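# Remarks on the overall topology
These are the residues of each chain, in order.
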Amino acid sequence: MKHLIIYHNEDNDGLISMAIIYNHLLLQEKVSKEDIVLLGSDYNSLTQSLQNGEFEKMLQEQCITDITITDVSFNEQDKMLELYNRFGEHFTWIDHHKPIINFSESCELKNAKGLRDIHHSALYNAWIYYFSKDAKFSMPKVIEYLSAFDSFTFKENGLTFKEVRLCNEGANFFYKRQPSLCIDYVRYLLIKSYLGSSEEFENFFEKTKDVLTKGIIPLEDNLSYLIGYGKNKCEEEDFRFAKMLKDYGDCSWKVNGSPACALFIQEQTASYLFETIKETCRHAIVFKHKPNGTWSMSLYNTNENDEFDCGIYCSEQLGGGGHHGAAGATINLDQFIEILKKKEI
């Protein structure tokens, strides 16, 4: 029996939620490391692997019997339903993205094991589902910060966007989005948050010593230190991106009739990076060319309180999805050229 964990590999939410699931399998289910297969992906490459047969080939070659998918899904929503119907009780799904969750409520996919809650991010939902329900683990503060950043629920948690962004960037700096380091870090969080007896502790963490990486910094004990490093990274990023927008941003675009700025770059982006244009552009659009010839398009609200739902719009217009303030879709060359001619999506 082999367990496949499919996770979003572009941000901390996907990586940390994967690490939570990995530790659950290792510590609670007693699955060996050799029987856990990791598949990090973004929405576009995951869908592509399904279309070109690579995904099915991997399932067969690895003899996968159980699948857990977190913070990502197939662009073709019915493929998620097919996967659930195929694996049944051996399929678990952790997510917080509204369009795919709404779709699941209309079909049998809503019965899949796991936790889907749009009010918290995937890593928070994973911690609750796997480690908080037996009341032996408290909720680490850093999990709350990272969740509030990714799900934009910082106000509900009594935090500011600046605080949670600095925490997120500090985590990027220290753990560099490397799966092995994220897995080790979650182990530290579990150790720090364990509420059981000493005897239970020894039994539960019997495999810890042969997994942890030496020299790792436990962020839960260094939250202010983490935020300090995040501050330096954010200042650098804000300066660089403001210059990029000034030099290369095209503010003559429209999204559903509203003014927007288009940017053609290959690097990762986020809504908060468009702070300098929010007075003139309601939305931002980022186009990236993919190796297979398609284009990925990311859509953002430049103001966090905007009522426009990017996720629903991308889902209905382009077959994509995402969050209220940030979403995306994959388009082919013909679609890209047509959009380019109109300068509107």
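Before reading on, note that the structure itself is shown above.
Our subject in this report is the structure included herewith. This one's a predicted model, so the numbers in the text were calculated from it and none came from an experiment. (Residues numbered from 1 in each chain as written. Predicted model: local features only at pLDDT ≥ 70, side-chain atom pairs only at ≥ 80, totals over all residues. Heavy atoms only, no water.)

### Describing unusual backbone geometry
Note the cut-off: Numbered from the N terminus, helices here are DSSP runs of H or I no shorter than four residues, and strands are runs of E no shorter than two. Only protein chains enter the accessibility calculation, which uses a 1.4 Å probe; a residue is then buried when its area is under 20% of its type maximum, exposed when over 50%, and partly exposed in between.
The backbone of Asp71 shows a phi angle near 65°, a positive value even though the residue is not glycine. One can find Asp71 in the loop between strand 3 (64–70) and helix 4 (77–87). Residue Asp71 is classed as buried on the basis of its relative accessible area, which comes to 1%.

### Topic: the packing of helix 8 (residues 161–175) against helix 11 (residues 223–248)
Short version of the rule: A fitted line through C-alpha atoms represents every axis, and for helices the fit uses only the stretch in contact; the resulting angles, taken between N-to-C directions, go from 0 to 180 degrees. Angles below 35 degrees are treated as roughly parallel, those above 145 as roughly antiparallel, those between 65 and 115 as roughly perpendicular, and all remaining angles as oblique. Contacts are assigned to residue pairs that have any heavy atoms within 4.5 Å of one another. Gly is placed with the polar residues, together with every amino acid not listed as nonpolar (Ala, Val, Leu, Ile, Met, Phe, Trp, Tyr, Cys and Pro) or charged (Asp, Glu, Lys and Arg).
One way to put it is that helix 8 packs onto helix 11 with a least axis distance of 6 Å and a crossing angle of 90°. Here helix 8 is positioned roughly perpendicular relative to helix 11, judged by the angle of their axes. Note on element contacts: helix 11 touches helix 8 through Leu223, Tyr225, Leu226, Ile227, Tyr229, Gly230, Lys231, Lys233, Cys234, Glu237 and Asp238, opposite Glu163, Arg165, Leu166, Cys167, Glu169, Gly170, Ala171, Phe173 and Phe174. When grouped by side-chain class, the residues that make up the contact of helix 8 with helix 11 number 11 nonpolar, two polar and seven charged.

### Section: the pairing of strand 2 (residues 36–41)
Note the following rule: In this scheme, strands are said to pair when DSSP sees at least two bridges between them. Crossovers are described as right-handed under a simple rule: with the strands pointing away from the observer, the path leading from the first strand over the helix to the second runs clockwise.
Pairing analysis gives six bridges linking strand 1 (residues 2–8) to strand 2, with the strands arranged parallel. Within strand 2, the position partnered with Tyr7 by the bridge is Gly40. Where the polypeptide runs from strand 1 across helix 1 (residues 12–28) and back to strand 2, its parallel neighbour, the crossover connection is right-handed.

### Considerations on the packing of helix 1 against helix 7 (residues 141–151)
A pair of packed helices can be characterised by two numbers: the angle between their axes and the separation between those axes. Defined as follows: Working rule for handedness: look at the near helix, and if it is turned counterclockwise from the far one by less than a right angle, call the crossing left-handed; if clockwise, right-handed.
For the pair helix 1 and helix 7, interaxial distance at closest approach is 10 Å and the crossing angle is 140°. The orientation of helix 1 relative to helix 7 falls into the category oblique. When the axes of helix 1 and helix 7 are compared, the crossing they make is left-handed. On helix 7, the residues touching Asn12, Asp13, Ile16 and Ile20 of helix 1 are Ile143, Leu146 and Asp150. Here the contact of helix 1 with helix 7 is composed, by residue class, of four nonpolar, one polar and two charged.

### Side note on the pattern of salt bridges
The following threshold applies: Salt-bridge detection follows one rule: a side-chain nitrogen of Lys or Arg within 4 Å of a carboxyl oxygen of Asp or Glu.
Evaluated as defined, the whole model comprises 15 salt bridges. In this structure, the salt-bridge partner of Asp309 is Lys98, at a minimum N-O distance of 3.9 Å. Of this pair, Asp309 sits in the loop between strand 9 (295–301) and helix 12 (310–318) while Lys98 sits in helix 5 (residues 98–104); the two residues are 211 residues apart in sequence, bridging distant segments of the chain. A residue is classified by how much of its surface remains accessible, and Asp309, at 15% relative accessible area, is buried. Exposure remark for Lys98: the relative accessible area of 34% places this residue in the partly exposed category. Measuring nitrogen to oxygen at the nearest pair gives 4.0 Å for the salt bridge that ties Lys233 to Glu236. With Lys233 and Glu236 both in helix 11, this residue pair falls three residues apart, about one helical turn. Connected through salt bridges with shared partners, the residues Arg165, Glu237 and Asp238 form a single ionic network.

### Observations concerning the environment of His119
Structurally, the position occupied by His119 is in the loop between strand 5 (113–116) and helix 6 (122–132). Assessed through its relative accessible area of 51%, His119 is described here as exposed. Beyond its immediate chain neighbours, meaning those up to four positions away, His119 contacts Ser151 and Thr153.

### Brief notes about the sheet that holds strand 4 (residues 91–95)
An order of 2-1-3-4-5 is seen for the five strands of this open sheet, with the pairing classed as parallel. Where the open sheet ends on each side, the last strands, each with one partner, are strand 2 and strand 5. Between one strand axis and the next, the sheet turns through 15° on average, direction left out of account. Contacting strand 1, strand 2 and strand 3, helix 3 (residues 54–61) runs over the sheet at an angle of about 150° to strand 1.

### Examining helix 11
As a reminder of what qualifies: Working rule for helices: expected span equals 1.5 Å times residues minus one.
Look at helix 11: 36 Å from first C-alpha to last across 26 residues, which is about the 38 Å you get at 1.5 Å a residue. Looking at the buried side of helix 11, the elements it contacts are helix 7, helix 8 and strand 7 (258–264).

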